[in-house]
Amino acid sequence: MSLHPPLKIVIIARDERPHVQQAADQIYGFLKSQPQAEVIGVAIAGDDELHQEDADLALVVGGDGAILRACRQFATRQIPVLGINLGRLGFLANATLEEFQNDFEAIATRDYLITNHLMYHCRIVCAKHNVQEYVGLNEVAICSAASLGMIDVRLRIDQEDVTTYSGDGVLISTPVGSTAHSLSAGGPILRQDMEAFVITPICPHTLSIRPIVDRADSVYQLTVMRSPRGGVALLDGQESLPLEEGDCVEVRKASVCFQLVRLPCHNFYKALNKKLGWDGKPRYRESL
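Residues numbered from 1 in each chain as written. Predicted model: local features only at pLDDT ≥ 70, side-chain atom pairs only at ≥ 80, totals over all residues. Heavy atoms only, no water.

Asks: Can you walk me through the pattern of salt bridges in this structure?
Replies: Two side chains with opposite charge may pair up if their charged atoms get near one another. Following the criterion strictly, the structure yields ten salt bridges and no others. Residues Asp 152 and Arg 226 are paired through a salt bridge, measuring 3.1 Å at the closest nitrogen-oxygen approach. Here Arg 226 lies in strand β12 (residues 220-226) and Asp 152 lies in strand β8 (residues 151-157), a separation of 74 residues in the sequence. Overall, the relative accessible area of 13% leaves Asp 152 in the buried class. Put simply, Arg 72, Asp 236 and Glu 239 are held in one network by salt bridges that share partners. (Salt bridge = Lys/Arg side-chain N within 4 Å of Asp/Glu carboxyl O. Helix = DSSP H or I, 4+ residues; strand = E, 2+ residues; numbered from the N terminus. Buried < 20%, exposed > 50% of the residue type's maximum accessible area, 1.4 Å probe, protein only.)

Asks: It is not clear to me how the environment of Arg 229 should be interpreted in this structure. Could you clarify?
Replies: Here Arg 229 shows up in the loop between β12 and β13 (231-235). Spatially, the C-alpha atoms of Arg 229 and Ile 151 are 8.6 Å apart, while their sequence positions differ by 78 residues. Once you skip the residues sitting within four places of it in the chain, Arg 229 turns out to touch Ala 145, Ala 146, Leu 148 and Gly 149. (Contact = heavy atoms within 4.5 Å.)

Asks: Can you help me understand a nonpolar patch on the surface in this one?
Replies: A cluster of nonpolar side chains, Tyr 28, Val 42 and Ile 44, forms an exposed patch at the surface whose accessible area comes to about 230 Å². Mapped onto the fold, Val 42 is located in strand β2 (residues 37-44). The class for Val 42 is partly exposed, based on a relative accessible area of 40%. (Patch = residues over 30% accessible without salt bridge, like charges linked within 9 Å, V, L, I, M, F, W, Y side chains within 5 Å. Areas by Shrake-Rupley, 256 points an atom, 1.4 Å probe, with all protein chains shown as cover.)

Asks: What should I look at first to understand the packing of aromatic side chains in this one?
Replies: Aromatic ring pairs are defined here through the distance separating the ring centres and the angle between the ring planes. Enumeration according to the criterion identifies four aromatic pairs in this entry. Ring geometry for Phe 30 against Phe 104: centres 5.6 Å apart, planes inclined by 85°, an arrangement best described as edge-to-face. Of this pair, Phe 30 sits in helix α1 (residues 18-32) while Phe 104 is found in helix α4 (residues 104-108), placing the two residues 74 residues apart along the sequence. In this structure, Phe 30 and Phe 104 share a single accessibility class: buried. Both rings, one in Phe 197 and one in Tyr 220, keep their centres 5.5 Å apart while their planes meet at 75°; by these two values the pair is edge-to-face. You can see Phe 197 sitting in strand β10 (residues 196-204) and its partner Tyr 220 sitting in strand β12, a full 23 residues away along the chain. This pair shows no difference in class: Phe 197 is buried, exactly as Tyr 220 is. (Phe/Tyr/Trp six-rings, centres within 6.5 Å; stacked < 30°, edge-to-face > 60°.)

Here you go:
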């Protein structure tokens, strides 16, 4: 007889692609056959809400993008998340369907590690005085709404002027987001469990401008100073919000953390080595 009560699980598979829905069906059938598990909810394509408060674990099927969507929808009601990777990179969704099934006995007995990760709280104050608030995991990017347009964005940290970025835009990311858009823009990689934000310019007009790493308990204000073709705030690369000159995007540490479930066979640097191709040998070792 198990010493642990059944693990209460919600399955989230909002991606409509057939292979994702098939994997969700397979997971549901597998869990229904396990006495150590209780499926208390399933969210598939088209489901907007999921009452996950009583769950011990959320199984998010798809890839890192699916986890980002789930985190924003959980908002201030975060629960531990295990990602089933059906995508490509999978920094967050790091368990395959086969690994999940093979390791389920350990999962059912809670023999896994939960790591807490910084999330951001984004407050958009429009010049017309309306306010919008969001919670997210990766980054907030401020860009020109036109593909060939430039934008000027003033940065203030804790009410102190830092600089004005001129170029394609600027983004502020969490350590989890440091391997996403920020990395593509030339930003540094941070350990996922650090308490810090990265401010990374996107194609800056002034080449001396470089990324900044600063404290997680600071308040960051990004104000659109000039954007002839309009601006846009992108949340985790998934939600797009229009911006006008004078609008201010305020980013700070969220009151909740993203709770990532990691199986014993996974670690951060192993993922970097595998996903970014760091296992290549130096060329000087090759014979001429």
